[in-house]
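# Geometric and topological summary
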Amino acid sequence: MIKNYLKTAWRNLWKNKTSSAINVFGLTIGLTCCLLIALYIQHELSYDDFELKGQRIARVIMEYQFAGSSASAKGNFTSVRVAPVLKQNFPEVESAIKMAEYERVVSYNDKLINEKNFMYADPTFFDIFSFRLLKGDSHSVLTAPYKVVLTESSAKKYFGVENPIGKSLHVGNDSNLYQVTGVVQNCPSNSQIKFDFLASFSSLGLTKDYESSYWDANYTTYLLLKNKNSIALLQAKLPAFMKKEMAGQGATINMYLEPFDKIHLHSPYDAFEPNNNIAYIYILAAVALLILIIACSTYINLSTARSIERAKEVGVRKVIGAEKQQLFWQFIGESAILCLVSVLLSLIIATLLLSSFNQLTGRQLPAASLFSLPFLLFSAIVVVCLSLLAGSYPALILTRFQPARVLKGAFKNTGSGQLLRRSLIVFQFVISVFLIVATFIIQKQLYFIQHKKLGYDREHVLVLPMDDKMLANIDLIKQEFKSNPDVISASRCVRSPVEGGGGYNMRSSTMPEDQQINVTANPVDEDYIRTIGLQIIAGSDLTHQDVKDASGDQEKNLYHFVLNESAAKQLGWSPQEAINKKMFMGPRAGYVKGVVKDFHFESLHNPIKPFVLFPESRGRELLVKLSGQHLQQTISFLETNWKALVPERPFEYRFMDDDYNKLYNAEIRLGKVMNIFSTIAILLACLGLFGLSSYAAQQRIKEIGIRKVLGASVTNIIIALSKDFIRLTVIAISIAIPVAWWATAKWLQDFSYRTNIHWSIYVMAAVATILFTVLTVSFQAIKAAMANPVKSLRTE
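Read on for an overview of the structure.

## A word on the overall build of the chain
Each helix and strand counted, the chain has 25 helices and 22 strands in total. The 796 residues of the chain split such that 52% are buried. For the chain, the proportion of contacts with a sequence separation of at least 24, taken over those separated by at least 6, is 80%. Here the chain displays about 36,100 Å² of accessible surface, and carbon together with sulfur accounts for 57% of that area.

Here it is, written out as structure tokens:
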């Protein structure tokens, strides 16, 4: 019996090749998109699941505000004092750890590599986190200065098949060699803590003075609590404790606890790698679901439409003794075969497309996950649900009619199922229009981000990492670089304008000492403003003499400051009034030398805040402004000179505009995803419309023949066949546009600086959708209109 069902089902599917091909193609594409997005979402939701104590770990967030300041600063930064103080004073804390991450040049024999994931941590690291130590004792690998643990890949990179334990590495400018004390399993891809080297925190050589202050907050603190409920209990105690700690210091500091397992998707403060956003996970999940719904709607629509053609078949079967149950399972079997083929094809295609999808998402998602139990179970559920949804309607409707009535053709002309099909068409195009509008607006905001005038010039600026050893030779390095006519200027700084600056406090000479204003500041040299193209609107630029005046003891030096407009305004001055005014920034005293036009030193998500540039002889980056001509030759020239002047560091560079784009990685990825999947959505909707228009033309073939005989033109017939579909599309547009406006306006609210949503976007989306509809339907309408009416009438 089952064999009979399968054979008959296969014959029916093969007989209707066009609709079967449309259904298989639509379902395969929809399921492929769904599987890939589901794989990405599963990866993001599984972040840090391997941490056995993850629900008991909390990250400490610090917020500080100076007396007299109306604004506070908040972030994932703490001083080294926080971990020991909280451990000593609160019984809820079982253990605590201080951590920091830097770039370090590591050398061994002939290898000289700038390692970007070099982390420092307290000895409690392996007690708190669940990284698997393959070699070494977890209780002693980080207990002394200049001890380092390597990941498997790092150990292989430097030592090959040799045992690395006990070997020594030269790290950065440290005169002491680092001893390898352990090898740890490579960090999982779904971990917010990723490192290649893990050194003991004591290797940083911080003095006891650091532990006496809550300032110098340049480190990350995690707490291991005695149970997961302790987070709320400890949080309730922290405000009173910190108020007591900061009494009489002219500033307030508060500490907040973030559950470790919520950081990656829910925190506004990045971990050791950029966070994702739970809102984007919801958006991607919704896109996957909507595409699957469109694919399923197309399938159900065509299945119900085609079922009417099989009314006589059902009548004949019932006359010769077929029962309702047999007919029901016959239709379900056909649906099951088609769905099963689509699922198998989608698994194969998803596997083939995974490498490209990984490039799109910036993740390394394993193909094996597609064949894991959850995904295979999901695929089985899709097959069952679709089979029932698409097969049940024709089975239940057709088996309900009397055979005599069906065989007379009474059923063929009934309107049964029209409401369902029209509703599904409207729903498909509501989804398509929504995705088109959302894609247009996301792309418009990304264009706005890419072309917004930031107040500085990021084009053709190289960023070269540097270290303290280079400072003694920096003037010579800059001079050699600028000897090339394609090098416009070069500047030493702590941070590029894309990275912003550090947190400081400032006040004018007329403000009381206990009143301070939070400010972001960046130590630079005399060429910084010229190199990045800041616009001076009052006063003058820094000079080499200003840098020399600022070297030595901070409290005795004379500083010259350059403020942005917001900083001058915060101190109560206009740009012109600010010049030569005395001010203080922490222990630094000096005068305002210049004011620059406000520029964006943070993401466009945030408004512009007060910013100060001040001269100092330290730096972490060398900015090199190029003309843009002969780019490769100029970079080769820089590399040659670098190797001669800085032999202790490898030549590495990045472009500042790449750094800028990284600020919007999540938005750029979302834009690419929406481009791809909105195109797929409209393609699937048009595919379904193509199948239905083909069916409609076939059902009305006799009517078309009569119309032609009576003198109707091809245009008249096209209009007659198309108008119902266009009407449904217009209804879908009127529903989708308000929903898309609300959703995209809410998304744009996350940006302090955003594009305007012009009405033309909605008109473009509506026109595009109607055009797709007309083109899709017209193909079948023209084909039907051009047919010979004599042939169609004779056939009927």
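## A look at the packing of helix α14 (residues 474–482) against helix α19 (residues 631–645)
For the pair α14 and α19, the least separation of the axes is 10 Å and the interaxial angle reads 155 degrees. Classified by the interaxial angle, the pair formed by α14 and α19 is roughly antiparallel. Crossing handedness for the pair α14 and α19: right-handed. Facing L476, I477, E480 and F481 of α14, the residues of α19 in contact are F637, L638, N641, W642 and L645. Taken together, the residues of the contact of α14 with α19 break down into 7 nonpolar, 1 polar and 1 charged.

## Here we look at the pairing of strand β6 (residues 147–151)
Most of β6 is tucked away: 5 of the 5 residues are buried. Burial along β6 is two-sided: K147, V149 and T151 and V148 and L150, pointing in opposite directions, are all buried. Where β6 meets strand β8 (residues 178–184), 5 bridges bridge the pair, whose relative direction is parallel. For K147, the partnering residue across the bridge sits in β8 and is Q179. For β6 and strand β9 (residues 197–200), the ladder comprises 3 bridges, and the chain directions are antiparallel. If you follow V149 over to β9, its bridge partner there is L198.

## Some remarks on the side chain of S297
Following the sequence through the fold, S297 ends up in helix α8 (residues 278–307). Note on S297: relative accessible area 4%, which makes it buried. Within the structure, the side chain of S297 is placed 2.7 Å from the backbone oxygen of I293, a separation counted as a polar contact. Beyond its immediate stretch of four places on either side in the chain, S297 contacts L424, F427 and Q428.

## Some points on the environment of T143
Turning to its location among the elements, T143 is positioned in the loop between β5 (133–135) and β6. Along the primary structure T143 and D122 are separated by 21 residues, whereas in three dimensions their C-alpha atoms are 7.6 Å apart.

## Some details on the pairing of strand β3 (residues 93–108)
Examined bridge by bridge, β3 and strand β10 (residues 220–225) share 6 bridges and lie antiparallel to one another. Following the sheet pairing, K98 is matched in β10 by T221. Taken together, the 9 bridges between β3 and strand β4 (residues 111–121) define a ladder with antiparallel strand orientation. Within β4, the position partnered with M99 by the bridge is A121. Hairpin geometry of β3 and β4 is characterised by an intervening segment of 2 residues between the two adjacent antiparallel strands and by a positive phi of about 55 degrees at N109. Pairing geometry for β3 and strand β7 (residues 168–171), over 2 bridges, is antiparallel. Bridge pairing in β7 links S107 to H170.

## What about the nonpolar core?
Core analysis: the largest hydrophobic core is formed by 107 residues, its most contacted members being Y456 and L534. For L534, the contacting residues outside a window of four places in its chain are G455, Y456, Y528, I529, V596, F599 and L613. Formed by 27 residues, the second largest nonpolar core is a distinct cluster that contains V82, V93, A217 and A251.

## Examining the pattern of salt bridges
According to the stated counting rule, one finds 24 salt bridges in the structure shown. For R56, the salt bridge identified is with E94, shortest N-O distance 3.0 Å. Of this pair, R56 sits in the loop between α2 (17–45) and β1 (57–66) while E94 sits in strand β3; the two residues are 38 residues apart in sequence, bridging distant segments of the chain. Residue E94 is classed as partly exposed on the basis of its relative accessible area of 37%. Close ionic contact of E258 with R59 constitutes a salt bridge, the shortest N to O distance being 2.6 Å. Of this pair, E258 sits in strand β11 (residues 251–259) while R59 is found in strand β1, placing the two residues 199 residues apart along the sequence. Of the two residues, E258 and R59, neither departs from the other in class, the shared state being buried. What emerges from the salt-bridge pattern is a single network uniting K478, D525, D527 and R530.

## A word on helix α6 (residues 230–245)
With 16 residues, α6 extends 22 Å between its outermost C-alpha atoms, agreeing within 8% with the 22 Å of an ideal straight helix rising 1.5 Å per residue. The largest bend in α6 is about 35 degrees, located at L238, with the proline P239 one to four residues further on. Structurally, α6 contributes buried residues whose contacts are with β1, α3 (82–89), β3, β10 and β11.

## Remarks on the packing of aromatic side chains
Here a ring pair, both rings aromatic, is described through the centre-centre distance and the interplanar angle of the planes. For the coordinates displayed, the defined rule picks out 34 aromatic pairs. A ring pair is formed by Y660 and Y664, whose centres lie 5.3 Å apart and whose planes are at 65 degrees; its orientation type is edge-to-face. Comparing Y660 with Y664, the two get one shared label, buried. By the ring-pair criterion, three or more aromatic residues cluster together here, those being F50, F125, F126, F129, F131, F195, Y222 and F260. The residue whose ring lies beneath K74 is Y256, and the NZ or CZ to ring-centre distance is 4.2 Å. A cation over a ring is seen here: R507 above F584, with NZ or CZ 4.2 Å from the ring centre.

## As for a nonpolar patch on the surface
A cluster of nonpolar side chains, V341, L345, I348 and L352, forms an exposed patch at the surface whose accessible area comes to about 360 Å². Checked against the element boundaries, I348 lands in helix α10 (residues 324–361).

## Things to note about α14
Within α14, burial applies to I474, I477, K478 and F481. An end-on view of α14 places all buried positions within 95 degrees of arc, on one side of the element. Buried residues belonging to α14 abut β12 (461–465), β13 (487–493), β21 (621–626) and α19.

## A word on unusual backbone geometry
What is expected of a backbone is that most residues other than glycine have negative phi and most peptide bonds are trans. Backbone geometry at D48 places phi at a positive 65 degrees, although glycine is not the residue there. Turning to its location among the elements, D48 is positioned in the loop between α2 and β1. Judged by relative accessible area, D48 falls into the buried class, the value being 5%. For H460, which is not glycine, the phi dihedral falls at a positive 55 degrees. Mapped onto the elements, H460 comes out in the loop between α13 (418–451) and β12.

## Some details on the packing of α3 against α6
Contact geometry of α3 with α6 gives a least axis separation of 13 Å together with a crossing angle of 120 degrees. As α3 packs across α6, the resulting crossing turns out to be right-handed. Here V85, L86 and N89 of α3 come into contact with α6, specifically with L238, F241 and E245. Within the contact of α3 with α6, the residues separate by chemical class into 4 nonpolar, 1 polar and 1 charged.

## Comments concerning the environment of F481
Relative to the helices and strands, F481 resides in helix α14. Overall, the relative accessible area of 0% leaves F481 in the buried class. Considered as a pair, F481 and V624 are 143 residues apart in the sequence and their alpha carbons are 8.3 Å apart. Those residues in contact with F481 that lie beyond four places of it in its chain are L464, V487, L622, V624, F637, L638, N641 and W642.

## What to know about the side chain of T181
Within the secondary structure, T181 sits in strand β8. Sequence-distant contacts of T181, defined by excluding residues within four places in its chain, comprise K135, G136, V141, K147, V148, V149 and I165.

What counts, and where the lines are drawn
- Here the residue index of a chain counts from 1 through its sequence in written order.
- Where local features are concerned, this predicted model is filtered to residues with pLDDT of at least 70; where side-chain atom pairs are given and counted, the filter is 80 or more; whole-chain, interface and lining totals use all residues.
- To get the side-chain values, all heavy atoms of the structure are used, and hydrogens and water are removed first.
- Segments assigned H or I by DSSP are reported as helices when at least four residues long, segments assigned E as strands when at least two residues long, and all are numbered from the N terminus.
- Partly exposed describes any residue whose relative accessible area lies between the buried limit of under 20% and the exposed limit of over 50%, with all areas from a 1.4 Å probe on protein chains only and scaled to the type maximum.
- Every residue pair with non-hydrogen atoms within 4.5 Å of one another is taken to be in contact.
- Accessible surface area values rest on a Shrake-Rupley calculation with a 1.4 Å probe, where residue burial reflects the displayed protein chains alone.
- Fitted lines through C-alpha atoms give the axes, limited to the stretch in contact for helices. The angle between two N-to-C directions lies from 0 to 180 degrees.
- Oblique is the label for any angle not under 35 degrees, not over 145, and not in the 65 to 115 range, which are roughly parallel, roughly antiparallel and roughly perpendicular in turn.
- By definition, any crossing whose near helix is turned counterclockwise from its far helix by less than a right angle is left-handed, and any crossing with a clockwise turn is right-handed.
- Charged residues are taken to be Asp, Glu, Lys and Arg, nonpolar residues to be Ala, Val, Leu, Ile, Met, Phe, Trp, Tyr, Cys and Pro, and polar residues to be all remaining types, Gly included.
- By this definition, two strands are paired if DSSP reports at least two bridges between them.
- Polar contact is the term for a pair of N or O atoms within 3.5 Å; when the atoms are in protein, one must be able to donate a hydrogen and the other to accept it, and sequence-neighboring residues count only if both atoms are side-chain atoms.
- As used in this record, nonpolar core signifies buried Ala, Val, Leu, Ile, Met, Phe, Trp, Tyr and Cys residues forming a set joined through side-chain atoms within 4.5 Å.
- Take a side-chain nitrogen of Lys or Arg and a carboxyl oxygen of Asp or Glu: if they are within 4 Å of each other, that pair is a salt bridge.
- By this rule the span expected of a helix is its residue count minus one, scaled by 1.5 Å.
- Two axes are fitted around each residue, one to the seven residues ending there and one to the seven starting there, and the angle between them is reported as the bend at that residue.
- Between 30 and 60 degrees the pair is tilted, below 30 it is stacked and above 60 it is edge-to-face, where a pair is any two Phe, Tyr or Trp rings, Trp via its six-membered ring, whose centres lie within 6.5 Å.
- Any Lys NZ or Arg CZ that is within 6 Å of a ring centre and within 35 degrees of that ring's normal is treated as a charge sitting over the ring.
- Patch definition: residues with relative accessible area over 30% and no salt bridge; like charges joined within 9 Å; nonpolar side chains (Val, Leu, Ile, Met, Phe, Trp, Tyr) joined within 5 Å.
- This arc corresponds to the set of directions leading from the helix axis out to the C-beta atoms.

All quantities given are derived from atomic positions and should not be read as evidence of function.
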